[in-house]
Amino acid sequence: EKGEYEGLFEYLIKVTEHGRLTNRDASSILETCEKTDNLVVVECVTQIVAYLFPMDIDFQTKLAKVYTKLPGRREEAVEILNSALGLQKDENGEYTDVDITKLTYNNLGRLFDTYLSFELYDELIRVGRFLLSHGGTTQKNLIQRNIFAALTRAYRFDEAESMLPEVEAGGDSLNQYQIARFYDLRGDMVNAYR
């Protein structure tokens, strides 16, 4: 019932203690909790679900997305996402490996949304370029669009402009939105409107 968060938590504690949850059950519970629009509820339940199903990448990336809304959890969110996608760095901070089987549209979307929300534009560009050269070809449009968005938000307009043909070729409405944003931030209102 609306506002009965204490009862919801008591119920979830009972359910999780008995260990009878499947991934599908956990997804349904998480979906229900997300509808409460209560960040505390969503955070707690997502933490529980991610803990119960540590191998479920979807739950891990959802937890990272929740952490993007919480001050002080920024680094943890990035670590969870990188780990969930199997992204590894060497001692110099250069990307060295990724698990290409985990490069789904949703997982990459959460990764890029997190980097953009934290204004980690340079890091998004680095990871995006790494992914393009290391197996991210099935999600090429998504990766290119997000690199373009990061370049635009970082006011690196010359580099972004060099990517325009690729982003335009992607052709979907999200690409068109990013192109309009590029022109808008550059001060070209006519092309932004067009």
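Residues numbered from 1 in each chain as written. Predicted model: local features only at pLDDT ≥ 70, side-chain atom pairs only at ≥ 80, totals over all residues. Heavy atoms only, no water.

A. The overall build of the chain, seen in detail. Looking only at helices and strands, the chain has 11 helices and two strands in total. For the chain, the α and β elements follow one another from N to C terminus as α-α-α-α-α-β-β-α-α-α-α-α-α. Each of the three principal axes of the chain carries a C-alpha extent, and together these read 55 × 40 × 30 Å. For the chain, the residues scored as buried account for 42% of the 194 residues in total. If you take every contact in the chain between residues at least 6 apart in sequence, the share linking residues at least 24 apart comes to 54%. When the accessible surface of the chain is split by element, carbon and sulfur atoms take 50% of a total near 11200 Å². Mean positive and mean negative side-chain charge positions of the chain (22 and 32 charges, respectively) differ by 3 Å. (Helix = DSSP H or I, 4+ residues; strand = E, 2+ residues; numbered from the N terminus. Buried < 20%, exposed > 50% of the residue type's maximum accessible area, 1.4 Å probe, protein only. Contact = heavy atoms within 4.5 Å. Areas by Shrake-Rupley, 256 points an atom, 1.4 Å probe, with all protein chains shown as cover. Lys, Arg positive; Asp, Glu negative; His and termini not counted. Charge placed at Lys NZ, Arg CZ, Asp CG, Glu CD.)

B. Summary view of the confidence of the model for the chain. Scored by pLDDT, the chain comes out at a mean of 88, with 98% of its residues at no less than 70. Across the chain, element-level confidence peaks in helix α8 (residues 140–153) with a mean pLDDT of 95 and bottoms out in helix α1 (residues 5–18) with 77. (pLDDT = per-residue confidence, 0-100.)

C. Up close: the state of the cysteines. If you walk through the whole model with that rule in mind, you get zero disulfides. There is no disulfide at cysteine 33, and the cysteine sulfur nearest it, in cysteine 44, is 9.6 Å away. (Disulfide = S-S within 2.5 Å.)

D. Region of interest: the pattern of salt bridges. All chains considered together, the criterion is met by 15 salt bridges. Residue lysine 65 is joined to aspartate 113 by a salt bridge in which the shortest nitrogen-to-oxygen separation is 2.9 Å. Of this pair, lysine 65 sits in helix α4 (residues 57–67) while aspartate 113 sits in helix α6 (residues 105–117), placing them 48 residues apart in sequence. Judged by its relative accessible area of 37%, aspartate 113 falls in the partly exposed class. Across the salt bridge formed by glutamate 159 and arginine 156, the nearest N and O atoms sit 2.8 Å from each other. When its relative accessible area of 25% is taken as the criterion, arginine 156 is described as partly exposed. Residues joined in a network through salt bridges with shared partners are Lys89, Glu94, Glu123 and Arg126. (Salt bridge = Lys/Arg side-chain N within 4 Å of Asp/Glu carboxyl O.)

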